[in-house]
Amino acid sequence: MPRLEVNDAENEIGNHAQALALAASTLHVPAYIVMPSISTPSKIAGTRSHGAEVIFSGSTSTEREAVVAEIQAKTDAILVPPYDHFDIICGQGTTALEMEEQYRALVSDKPHLSTPRCGHHPPWGRGLNAGVATFFSGKPTRVFGAEPSFEGADDCRRGLEAGQRVESVKTLTIADGLRTPVGFLNWEVISDGTKVAGVFAVTEDQIKAAMRLVLERMKVVVEPSAVVGLAVCLFNEEFRRLVEKEAGPDGWDIGIVFTGATLPLRQLGSYSPDAETSIQG
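Remember, predicted model here, so these are calculated numbers, not experimental data.

### Focus on the overall build of the protein
- Of regular secondary structure, the protein possesses 11 helices and 8 strands.
- In the protein, which comprises 281 residues, the share counted as buried stands at 53%.
- Here the analysis covers contacts within the protein between residues at least 6 apart in sequence; of these, 71% occur between residues at least 24 apart.
- When the accessible area of the protein is evaluated, it comes to approximately 13,300 Å², of which 53% is carbon and sulfur surface.

### So, helix H5 (residues 95–109)
- Its 15 residues place the ends of H5 21 Å apart at the C-alpha level, agreeing with the 21 Å of an ideal helix rising 1.5 Å per residue.
- Looking at H5, one finds that the buried residues are Ala 96, Met 99, Glu 100, Tyr 103 and Val 107. End-on, the buried residues of H5 take up no more than an arc of 95°, which puts them together on one face. Away from its buried face, by an angle of more than 90 degrees, H5 presents the exposed residues Glu 101, Gln 102, Ser 108 and Asp 109.

### Some details on the side chain of Asp 154
- For Asp 154, the location among the structural elements is in the loop between strand E6 (142–148) and helix H7 (155–162).
- When sequence neighbours within four positions are dropped, the list of residues in contact with Asp 154 reads Glu 147, Pro 148, Ser 149 and Ala 201.

### Quick look at the environment of Ser 25
- Among the secondary structure elements, Ser 25 is positioned in helix H1 (residues 14–26).
- The exposure class assigned to Ser 25 is partly exposed, which follows from its relative accessible area of 35%.
- For the pair formed by Ser 25 and Gly 51, sequence separation is 26 residues and the distance between their alpha carbons is 6.6 Å.

### Regarding the nonpolar core
- Membership of the largest hydrophobic core comes to 27 residues, with the highest contact counts inside it found for Val 227, Val 228, Phe 239 and Trp 252.
- Counting only elements with at least two residues in this core, the list comes to E6, strand E7 (198–202), helix H9 (204–218), helix H10 (228–235) and helix H11 (237–247).
- Here this core takes 7 residues from H10, the largest share from any one element.

### Focus on the environment of Gln 164
- Along the polypeptide, Gln 164 turns up in the loop between H7 and helix H8 (184–190).
- Measuring from C-alpha to C-alpha, the distance between Gln 164 and Ser 191 comes to 8.5 Å, with 27 residues separating the pair along the chain.
- Residues contacting Gln 164, with those up to four places away along its chain left out, are Gly 159 and Trp 187.

### Overview of a nonpolar patch on the surface
- On the surface, a cluster of nonpolar side chains totalling about 260 Å² of accessible area is made up of Ile 38, Phe 150 and Leu 172.
- Relative to the helices and strands, Phe 150 is located in the loop between E6 and H7.
- The partly exposed category is assigned to Phe 150, whose relative accessible area is 32%.

Reading guide: rules and limits
- Every chain begins its residue count from 1, and numbering advances along the sequence as written.
- Confidence filtering applies because this is a predicted model: local features only for residues at pLDDT of at least 70, side-chain atom pairs given and counted only at 80 or more, and all residues used for totals across whole chains, interfaces and linings.
- The basis for every side-chain value is the complete set of heavy atoms in the structure, and neither hydrogens nor water enter the calculation.
- Secondary structure elements are defined from DSSP: runs of H or I of at least 4 residues count as helices, runs of E of at least 2 residues count as strands, and each element is numbered from the N terminus.
- For every residue, the accessible area (1.4 Å probe, protein chains only) is compared with the maximum for its type, and the residue is labelled buried under 20%, exposed over 50%, or partly exposed between those bounds.
- Residue contacts are defined here by distance: any two heavy atoms, one from each residue, within 4.5 Å place the two residues in contact.
- All accessibility values rest on the Shrake-Rupley procedure with a 1.4 Å probe; residue burial counts only the protein chains present in the view.
- Helix span, expected: 1.5 Å multiplied by one less than the number of residues in the helix.
- Taking the helix axis as origin, the arc is that swept by the directions to the C-beta atoms.
- Definition of nonpolar core: a set of buried residues of the types Ala, Val, Leu, Ile, Met, Phe, Trp, Tyr and Cys, connected through side-chain atoms within 4.5 Å.
- Only residues whose relative accessible area exceeds 30% and that form no salt bridge are eligible for patches; like-charged ones are grouped when within 9 Å, while nonpolar side chains (Val, Leu, Ile, Met, Phe, Trp, Tyr) are grouped when within 5 Å.
- The salt bridge criterion pairs a side-chain nitrogen of Lys or Arg with a carboxyl oxygen of Asp or Glu, the two atoms within 4 Å.

Below is the structure:
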């Protein structure tokens, strides 16, 4: 009998849920996907489209884990976590290989564009952040994390300030891919200052302004979580002062990961800033 897989997936990790559902479908393995009842409808639909069974839970990690335990007891399924696992961290960290390849190709073609480097992206459930940071450890590239500040969603930044991991987060930030607390394994990497140089936070309006810029100027469809790193570069004064202080007049080459394009079109209007947010140069 094939093994059944359970995905401990909040709506914030809907992209992982869809990826796992597709993998299970390809391998003809039944998949049970646990998602909060407040999950984004498009992520639920995308997960179900690959044949996975979606089981709803409450919005907190404790409620979600309880449902996962029930399903495992009934089905003898194995758990495929969305971020707090060595294999997941390594897999998501392959993004760093792509970044480095793209960077080398760019500066090979246009050498004058090369300056000291850094990488900037949202930590998500922090699997991506930890994986990328691990790859670039010991290399010239500096890695930063980005989070929304709404309702305490910047748990990673706050944890670094306090010197300990924040265990619980309950927020309804529009960046729904960043609503989960940092995982145990991920925290070990991110809290290491030699691997992650800092984590910065931005407001909801700043995220909306960055998303609007990407949609209007770049013609790229991404979800709010994907532009949090860009919003930090545009609006976070602490980060911008750091660049001015340490990079000098030449600045840094900054690579930002855009990941996640599950954007409900009917919600586009709600992503406009409530107040005009100026884009800084």
